[in-house]
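Chain by chain, the residues run as shown.
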Amino acid sequence: MLVYLSLAVATGAALTAWQAGRREAAAEASHPPQGQVLVVGRHRVHVVEMGQPKGSAPDLVLIHGSSGNTRDMTFRLAPALARDFRILVFDRPGLGYSDRLNSSGATIRQQADLLRQAAAQLGAQQPVVLGQSYGGAVALAWAVDHPEALAALVSVAGVSHPWDTPLDTFYKVTSSRIGSALAIPALTAFVSRATVMGTLDAVFAPQPVPEGYAEHFGIGLTLRRNSLRANARQRANLLSEVKALAPLYSRIGVPVEIVHGTADDTVSPNIHARQLVRDVPSAALTLLEGIGHMPHHVATDEVAAAVLRAAARADLR
């Protein structure tokens, strides 16, 4: 019986690995890198450059949120700003087509430093830096640790302050050793499109997912094993990292524009946006009535206007 059980487990693991690899290959074939891959230190960083030629317009860096990649920013926001900026859209470490920094998931401060170096490598020494959701925390870390290396900051539904709700069970499981080894390959191999679309619906609520977004974004890229592992560890570590960063916001002296939806159930505007505008004297807050967690897709004009205000306040326009 033990032999048969061992064979069954081995067969199941082999089948799961085969199916996961098959899905990953299909995701990368259908949604290949849109930009170039830089080498920063020993790490590869994927960046999509859009908009105006280098030197002809202010530089703008866009940083995506949890489970994201460059395609989240190239769907609506980057095209809306392409006439006014030279835009650099980065895959955060471990996601999209950027290498992970380490096995622990990379802290927000490590990620900010890597993306700062990548931007500088492309000649963007003092860009406007925009971060959405988790990316908002990375943008804040950039402003705290490297105040000389940005001109202004834009936080869109951004994480900024500690919260008291426990880590979601999904991330508790997938960030654990056992979950990383067993649950993640099973998710990659067998999770249904209906389940994924349900999750996407919840992220965009109360607004609907824009037509064409799922196809443009490439859900399969997010479901790759390495991406799921990196994202899970980053999410599991985020609260402790934000607790350490939040007391340092007084260091931020560049213009800050905060855009947050009042109906955001993912990143509470009361916990994050309202506290951030109190803690940073140079911050201005725009609350979008009835908008959820994805204002860069469902209120793109308002977000673009905030970016233009940030650039104007920094004397870039």
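Cut-offs and rules
Residues numbered from 1 in each chain as written. Predicted model: local features only at pLDDT ≥ 70, side-chain atom pairs only at ≥ 80, totals over all residues. Heavy atoms only, no water. Axes fitted to C-alpha atoms, helices over the stretch in contact; angles between N-to-C directions. Helix = DSSP H or I, 4+ residues; strand = E, 2+ residues; numbered from the N terminus. Parallel < 35°, antiparallel > 145°, perpendicular 65-115°, else oblique. Contact = heavy atoms within 4.5 Å. Nonpolar A, V, L, I, M, F, W, Y, C, P; charged D, E, K, R; others polar. Core = buried A, V, L, I, M, F, W, Y, C linked by side-chain atoms within 4.5 Å. Buried < 20%, exposed > 50% of the residue type's maximum accessible area, 1.4 Å probe, protein only. Phe/Tyr/Trp six-rings, centres within 6.5 Å; stacked < 30°, edge-to-face > 60°. Lys NZ or Arg CZ within 6 Å of the ring centre and 35° of its normal. Patch = residues over 30% accessible without salt bridge, like charges linked within 9 Å, V, L, I, M, F, W, Y side chains within 5 Å. Areas by Shrake-Rupley, 256 points an atom, 1.4 Å probe, with all protein chains shown as cover. Salt bridge = Lys/Arg side-chain N within 4 Å of Asp/Glu carboxyl O. Pairing = 2+ DSSP bridges.

*Asks:* Where do I start with the packing of helix 4 (residues 108–121) against helix 11 (residues 225–245) in this structure?
*Replies:* Between two packed helices, both the angle of their axes relative to each other and the distance between the axes serve to describe the pair. Running from amino to carboxyl end, helix 4 crosses helix 11 at an angle of 90°, the nearest separation of the two axes being 9 Å. In terms of their interaxial angle, helix 4 and helix 11 are classed as roughly perpendicular. On helix 11, the residues that touch Ile 108, Arg 109 and Gln 111 of helix 4 are Gln 234, Leu 238, Glu 241 and Leu 245. Residues that form the contact of helix 4 with helix 11 fall into these classes: three nonpolar, two polar and two charged.

*Asks:* Looking at this structure, I do not really get the nonpolar core. What am I missing?
*Replies:* Across soluble globular proteins, nonpolar side chains show a tendency to be buried alongside one another. If you look at the biggest cluster of nonpolar residues, it comprises 46 residues, and the most contacted ones within it are Phe 90, Trp 142, Tyr 249 and Ile 252. Residues within four places of Trp 142 in sequence aside, it is in contact with Val 61, Ile 63, Ala 112, Leu 115, Arg 116, Ala 119, Pro 127, Val 129, Pro 147, Ala 149 and Leu 150.

*Asks:* What is the right way to look at the packing of aromatic side chains in this model?
*Replies:* Each aromatic ring pair is specified by the distance between its two centres and by the angle formed by the two planes. Tallied over the entire structure, the rule returns four aromatic pairs. Considering the side-chain rings of Phe 170 and Tyr 171, the 5.2 Å spacing of their centres and the 80° angle between planes classify their relative orientation as edge-to-face. The ring of Tyr 97 has Arg 224 lying over it, and the distance from NZ or CZ to the ring centre is 5.1 Å.

*Asks:* Please clarify how a nonpolar patch on the surface should be interpreted in this entry.
*Replies:* Nonpolar side chains collect at one region of the surface, where Leu 15, Trp 18 and Phe 190 lie side by side and expose about 360 Å² of accessible area between them. The residue Trp 18 is located in helix 1 (residues 2–30) in this model.

*Asks:* Explain unusual backbone geometry here, please?
*Replies:* The bulk of non-glycine residues show a negative phi, and the bulk of peptide bonds are trans. In the segment running from Ala 205 into Pro 206, the intervening peptide bond is cis, with an omega of 5°. With respect to the secondary-structure elements, Pro 206 resides in the loop between helix 8 (193–204) and helix 9 (213–217). One non-glycine residue with positive phi stands out, namely Ser 133, at about 55°. Structurally, Ser 133 can be placed in the loop between strand 5 (128–132) and helix 5 (134–145). According to the relative accessible area criterion, Ser 133 is buried, its value standing at 8%.

*Asks:* Any chance you could explain the pairing of strand 2 (residues 43–51) here in plain terms?
*Replies:* On a regular strand, one side chain projects to one face of the sheet and the next to the other, so that they alternate. Direction of pairing for strand 1 (residues 36–40) relative to strand 2: antiparallel, over a ladder of five bridges. Paired with Val 37 across the bridge in strand 2 is His 46. Once strand 1 ends, the chain turns through two residues before running back antiparallel as strand 2, passing Gly 41 with a positive phi of about 65°. Here five bridges tie strand 2 to strand 4 (residues 86–90), and the two strands are oriented antiparallel to one another. Within strand 4, the position partnered with Gly 51 by the bridge is Arg 86.

*Asks:* Hey, could you run me through the pattern of salt bridges in this one?
*Replies:* Opposite charge on two side chains permits pairing when their charged atoms draw close. In the structure shown here, the tally under the stated rule is 10 salt bridges. One salt bridge in this structure joins Arg 224 and Glu 28, with 3.0 Å as the shortest N-O distance. Placement of Arg 224 in the loop between helix 10 (219–222) and helix 11 and of Glu 28 in helix 1 is noted, with a sequence separation of 196 residues between them. Arg 224 sits in the buried class, given a relative accessible area of 8%. Overall, the relative accessible area of 35% leaves Glu 28 in the partly exposed class. Of the charged contacts, one joins Asp 59 and Arg 86 as a salt bridge, the two residues approaching to 3.1 Å between their closest N and O atoms. On the criterion of sequence distance, the pair formed by Asp 59 in strand 3 (residues 59–63) and Arg 86 in strand 4 is long-range, its members being 27 residues apart. Of the two residues, Asp 59 and Arg 86, both sit in the buried class.

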